[in-house]
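Reading the structure
Below, each chain spelled out in residue letters.
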Amino acid sequence: MYNKTPKLTVVGAGPGDVDLITLKAVKVLKKADVVLYDALVNEELLDFINPNAELIFVGKRRGCYRYQQEQINELIVARAKTHGHVVRLKGGDPFIFGRGAEEMEFAASFGIETAMVPGISSSLAVPAYQNIPVTKRGSAESFWVITGTTKEHKLSNDVALAAKSNATVVVLMGMGKLPEIIKLFQQENKNDLPVAIIQNGTRSNEKVGIGTVDTILEVVKEKELTNPAIIVLGEVVNHRAVLANVQEEYSRELIAS
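Reading the values: the criteria
- Residues numbered from 1 in each chain as written.
- Predicted model: local features only at pLDDT ≥ 70, side-chain atom pairs only at ≥ 80, totals over all residues.
- Heavy atoms only, no water.
- Domains from an automatic or database assignment.
- Contact = heavy atoms within 4.5 Å.
- Buried area = accessible area lost by both parts, 1.4 Å probe.
- Salt bridge = Lys/Arg side-chain N within 4 Å of Asp/Glu carboxyl O.
- Pairing = 2+ DSSP bridges.
- Helix = DSSP H or I, 4+ residues; strand = E, 2+ residues; numbered from the N terminus.
- Axes fitted to C-alpha atoms, helices over the stretch in contact; angles between N-to-C directions.
- Core = buried A, V, L, I, M, F, W, Y, C linked by side-chain atoms within 4.5 Å.
- Buried < 20%, exposed > 50% of the residue type's maximum accessible area, 1.4 Å probe, protein only.

The domain architecture assigned to the chain consists of domain 1 (7–117) and domain 2 (122–242). Spacing between the C-alpha centres of domain 1 and domain 2 amounts to 28 Å. Counting from both sides, the interface comprises 10 residues of domain 1 and, opposite them, 13 residues of domain 2. Per-residue buried area on domain 1 facing domain 2 is highest for Pro-15, Asp-17 and Phe-97; these three make up 58% of the total on that side. For the pair domain 1 and domain 2, the interface holds 0 salt bridges.

With that out of the way, let us pick up the sheet that holds strand S11 (residues 207–212). Taken in spatial order, the 5 strands of this open sheet run S8-S9-S12-S10-S11, and their pairing is mixed. Among the strands making up the open sheet, the edge pair consists of strand S8 (143–147) and S11. Within the sheet, the average angular offset between the axes of one strand and its neighbour, ignoring direction, is 15 degrees. Note: strand S9 (residues 168–172) against strand S12 (residues 229–233), 4 bridges, orientation antiparallel. Residue pairing for S12: Val-169 is matched across the bridge by Leu-233. The strands touched by helix H6 (residues 178–187) within the sheet are S9, strand S10 (194–199) and S12, with S12 carrying the most contacts at an inclination of about 5 degrees.

Our next topic: the sheet that holds strand S1 (residues 7–12). Spatial ordering of the open sheet is given by S3-S2-S6-S1-S7, a layout of 5 strands whose pairing is parallel. The open sheet has two free edges, formed respectively by strand S3 (54–57) and strand S7 (113–117), since each of these has just one partner strand. Between one strand and the next, the sheet's axes are offset by a mean angle of 20 degrees, whatever the strand orientation. Note: S1 against strand S6 (residues 85–90), 6 bridges, orientation parallel.

Turning our eyes to something else, we now look at the nonpolar core. A general trend in soluble globular proteins is that nonpolar side chains are found buried together. Residues Met-175, Ile-181, Phe-185, Ile-197, Ile-231 and Leu-233 are the most contacted members of the largest nonpolar core, which totals 24 residues. No other element matches the 5 residues that H6 contributes to this core. Here Ile-197 is in contact with Met-175, Leu-178, Lys-207, Val-208, Gly-209, Ile-216, Val-220, Leu-225, Ala-229, Ile-230 and Ile-231, once residues within four sequence places are set aside. In this structure, Val-11, Ile-21, Phe-57 and Leu-89 belong to the second largest nonpolar core, which totals 20 residues.

Following the criterion strictly, the structure yields 9 salt bridges and no others. Here Asp-38 makes a salt bridge to Arg-88, at a shortest N to O gap of 2.8 Å. Remark: Arg-88 occurs in strand S6 and Asp-38 occurs in the loop between strand S2 (34–37) and S3; sequence separation between them is 50 residues. Each member of the pair, Asp-38 as well as Arg-88, is classed as buried.

This part takes up the environment of Val-232. Looking at the element boundaries, Val-232 is found in strand S12. Residue Val-232 is classed as buried on the basis of its relative accessible area of 0%. As a C-alpha pair, Val-232 and Leu-172 span 60 residues in sequence and 9.1 Å in three-dimensional space. If we skip the residues at most four places from it in the chain, Val-232 touches Pro-127, Ile-132, Thr-168, Val-169, Pro-194, Val-195, Ala-196 and Val-237.

Now the structure itself:
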């Protein structure tokens, strides 16, 4: 065990649906000696892991941290040196607000080989599962993906900039700041802009709330939406209803014929 080359592979687990993990990620999990996994990782994915590997849960739930980030970094280095191949399994894509880059830098500073397997990001896949494209010709030519909460636990200044644009805005980890986000869009006179809140996206317990900038807070309250959830603001949210109407119209015409 102890003569293995120390290595860290940061792996993206995808947004939640177990089938959305990549083949490359599964191959890496089968070769792992240690796997450190987060709370947003679907635990069904643990079935893919080498049965002889050590599994360590390092995620947080409802603000309660099992390990602080500094402890996770140190754990990666320690296990790599004693066990060999450490896999850091993270929800979504580890390079999109996942701190995967930080963990790789820390491991590399101790001479540990590093690698990264991208994951399907929740910022794109979760809206897509609800038939919401982040870009659509005539509706949005670009999109922003923004963290709702910075390391200082404040709302990112980029949200105010994004509110001024015509782009689709996807906010991750932003439910705690939703009233502030809505206020910024109201200040730009975007009161009727469509908004979607998607909780537990791509999972069997997914919940969705659709409204506008002016109504979404009431929708969230009514449907009891909370973290983990993604906020999507933009005209593309309407595509969900447009598609449903097209399908319904086709069905009516089929029956009539």
